[in-house]
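This is what each chain is made of:
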Amino acid sequence: LQRAVLLRVLPCCDRLFAVCTNKLRTRYQAERRATSEASERLRAGRASKRPERKMLRSLLRPARLAAKRSFSYASVNGVAAPAASLNCSIWDVTFQRGDGVFEAVRIVPDRDGNPIPRCAGLHLDRLARSAAALELPLPPRDDALAWLAEAAKEGGHGGYVRLMVTRGGGSPGYGHHLPDLDAPPKTFVVWQPLSEPPASKTLMPLAAPWHPAGFDPDNWATIKWLAYGANVHSTRLAKRAGFDDALLLGRGWGVAPDDATAPLGKRPASRQSGGWPPLSFRI
């Protein structure tokens, strides 16, 4: 009896399974066709809009770049001036000799989110020390502080403010023979955007015998003067050799010839071995 029942039921199960399978297959194929058609329509729509989007981007790109690159804020002796046309007399001692001082101040938000110069008082303290070492007159501190704040306010976030003080002309050898000389001391305050930092940077160690840190690390090394020609040329030499920048080493320090490829921090730290100087040496 059981065998007879199974012989009758099994064929019915087979037919039912086949019907269900065919229905599921048909439904799956229909849904797949519908999905494929919808995808084709979506791709066609995007393709039709793509030239318009490319054209719009190409039209807006110069304007965006110009907005990023052309804007700045500048003042001379506290008076706002066009940043692209600032000038310094050729008879200014600072122009010819780099006999001036500067500070670069990062812009940060205050508690209300407004842009302000970061630690402006500390920067002005160092500016005063630099100027005193060079016997360079400075504008009143309150004026300089107000000029920094104004540049931060007008320039906005994402930048820094550079303050530069020149000595002016009129001394012997610097235009003293010109009765109508126009080369007064100037204090430039300019806002500049911050550049995007690289993910990594390679440094080429270079001896810097001209650098004051090599012979007077406690006095001259703390002066932020405007004579940076040798530093800039060191960067050029490093880039020519395939590096990103130069690592300037003071007098008496160098890199051991047999350890020239060791990474920073893996070199010997003693002066006699010619290794890396400690951080206290102010690289």
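Residues numbered from 1 in each chain as written. Predicted model: local features only at pLDDT ≥ 70, side-chain atom pairs only at ≥ 80, totals over all residues. Heavy atoms only, no water.

Description of helix α3 (residues 120-134)
Logical step 1: The end-to-end C-alpha distance of α3, which contains 15 residues, comes to 21 Å, matching closely the 21 Å that a straight helix rising 1.5 Å per residue would cover.
Logical step 2: Taken residue by residue, α3 has Ala120, His123, Leu124, Leu127, Ser130, Ala131 and Leu134 as its buried positions. In a view along the axis of α3, the buried residues occupy a sector of 120 degrees, so they form one face of it. In α3, the exposed residues that point more than 90 degrees away from the buried face are Leu122, Arg129 and Ala132.
Logical step 3: Residues of α3 that are buried make contact with β3 (101-109), β4 (115-117), α4 (141-155) and β5 (159-165).
Logical step 4: Two residues or fewer past α3, Glu135 is found with a positive phi of approximately 55 degrees. (Helix = DSSP H or I, 4+ residues; strand = E, 2+ residues; numbered from the N terminus. Expected span 1.5 Å × (residues − 1). Buried < 20%, exposed > 50% of the residue type's maximum accessible area, 1.4 Å probe, protein only. Arc of directions from axis to C-beta. Contact = heavy atoms within 4.5 Å.)

A look at the packing of α3 against α4
Logical step 1: The N-to-C vectors of α3 and α4 enclose an angle of 130 degrees; their axes lie 11 Å apart at closest approach. One finds that α3 runs oblique with respect to α4. The way α3 lies across α4 gives a crossing that is right-handed. Of α4, the residues touching α3 (which contributes Ala120, Gly121, Leu124 and Asp125) are Arg141, Ala144, Leu145 and Leu148.
Logical step 2: Residues belonging to the contact of α3 with α4 are distributed by class as follows: 5 nonpolar, 1 polar and 2 charged. (Axes fitted to C-alpha atoms, helices over the stretch in contact; angles between N-to-C directions. Parallel < 35°, antiparallel > 145°, perpendicular 65-115°, else oblique. Left-handed = near helix turned anticlockwise from the far one by under 90°. Nonpolar A, V, L, I, M, F, W, Y, C, P; charged D, E, K, R; others polar.)

Observations regarding the pattern of salt bridges
Logical step 1: Evaluated as defined, the whole model comprises 4 salt bridges.
Logical step 2: In this structure, Asp99 and Arg167 form a salt bridge, with 2.5 Å as the shortest nitrogen-oxygen distance. Pair noted here: Asp99 is in the loop between α2 (93-97) and β3 and Arg167 is in the loop between β5 and β6 (187-193), with a separation of 68 residues, a long-range link.
Logical step 3: Arg126 is paired through a salt bridge with Glu103; the nearest N and O atoms lie 2.8 Å apart. Taken together, the residues Arg126 in helix α3 and Glu103 in strand β3 connect sequence positions 23 residues apart.
Logical step 4: A residue is classified by how much of its surface remains accessible, and Arg126, at 28% relative accessible area, is partly exposed.
Logical step 5: The exposure class assigned to Glu103 is buried, which follows from its relative accessible area of 3%. (Salt bridge = Lys/Arg side-chain N within 4 Å of Asp/Glu carboxyl O.)

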